[in-house]
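Residues per chain are reported as follows:
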Amino acid sequence: QVQLVESGGGLVEPGGSLRLSCAASGSISRISAMSWYRGEERELVAAITRTGLTTYGESVKGRFTISRNTSGNTMYLQMNSLKPDDTAVYYCNANIQPLCSRFTSYAVWGQGTQVTVSS
């Protein structure tokens, strides 16, 4: 019952910046963590828990910042000092814990947003 919609991707020159957004709807209270992945290999870019703990992939550390609004329904990825290697489809992910704790948690994915870094 959770849906994710990414936005904010586009074309940017090397050294430029973009801010991605992921809007969640539905049973957002069941989201335990949200994260960004990229590419066919689903490389972890950044993740954030509901308590605000964050983690970053080594390739983006110091350049990207993940955040989440207080209501927990929107996640952001501020991308600075972008490089051509950052070019990829970026996917929003949410880990869902069902209300009934007997059921296993599962992941919900957004449709992806294209980020292209090129001169």
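Residues numbered from 1 in each chain as written. Predicted model: local features only at pLDDT ≥ 70, side-chain atom pairs only at ≥ 80, totals over all residues. Heavy atoms only, no water.

### Points about the state of the cysteines
A covalent bond between the sulfur atoms of two cysteines is what we call a disulfide.
Then comes step 1: Under the defined criterion, the tally for this structure stands at 1 disulfide.
Then comes step 2: Shown here is the disulfide that connects Cys-22 with Cys-92, its sulfur atoms set 2.0 Å apart. Here the disulfide of Cys-22 and Cys-92 is left-handed, its torsion about the S-S bond being about -80°. Placement of the pair is Cys-22 in strand E3 (residues 18–26) and Cys-92 in strand E9 (residues 88–96), with a sequence separation of 70 residues.
Then comes step 3: According to the relative accessible area criterion, Cys-22 is buried, its value standing at 0%.
Then comes step 4: Among the residues examined, Cys-92 registers a relative accessible area of 0% and is labelled buried. (Disulfide = S-S within 2.5 Å. Helix = DSSP H or I, 4+ residues; strand = E, 2+ residues; numbered from the N terminus. Buried < 20%, exposed > 50% of the residue type's maximum accessible area, 1.4 Å probe, protein only.)

### A closer look at the nonpolar core
Then comes step 1: Membership of the largest hydrophobic core comes to 28 residues, with the highest contact counts inside it found for Leu-4, Met-34, Trp-36, Leu-77, Met-79 and Tyr-90.
Then comes step 2: Looking at this core, the elements that each hand over two or more residues are strand E1 (2–7), E3, strand E4 (31–38), strand E5 (43–49), strand E7 (64–68), strand E8 (74–79), E9 and strand E11 (113–117).
Then comes step 3: The dominant element in this core, judged by the number of residues it contributes, is E9, at 5 residues. (Core = buried A, V, L, I, M, F, W, Y, C linked by side-chain atoms within 4.5 Å.)

### Notes on the sheet that holds E8
Then comes step 1: Read from one edge of the open sheet, 4 strands run E1-E3-E8-E7, paired in antiparallel fashion. Two strands close off the open sheet at either side, each with one partner strand: E1 and E7. Neighbour-to-neighbour, the strand axes of the sheet open up by a mean angle of 15°, direction not taken into account.
Then comes step 2: The sheet contact formed by E3 and E8 spans 6 bridges and is antiparallel. Across the sheet, residue Cys-22 finds its bridge partner in E8, namely Met-75. (Pairing = 2+ DSSP bridges. Axes fitted to C-alpha atoms, helices over the stretch in contact; angles between N-to-C directions.)

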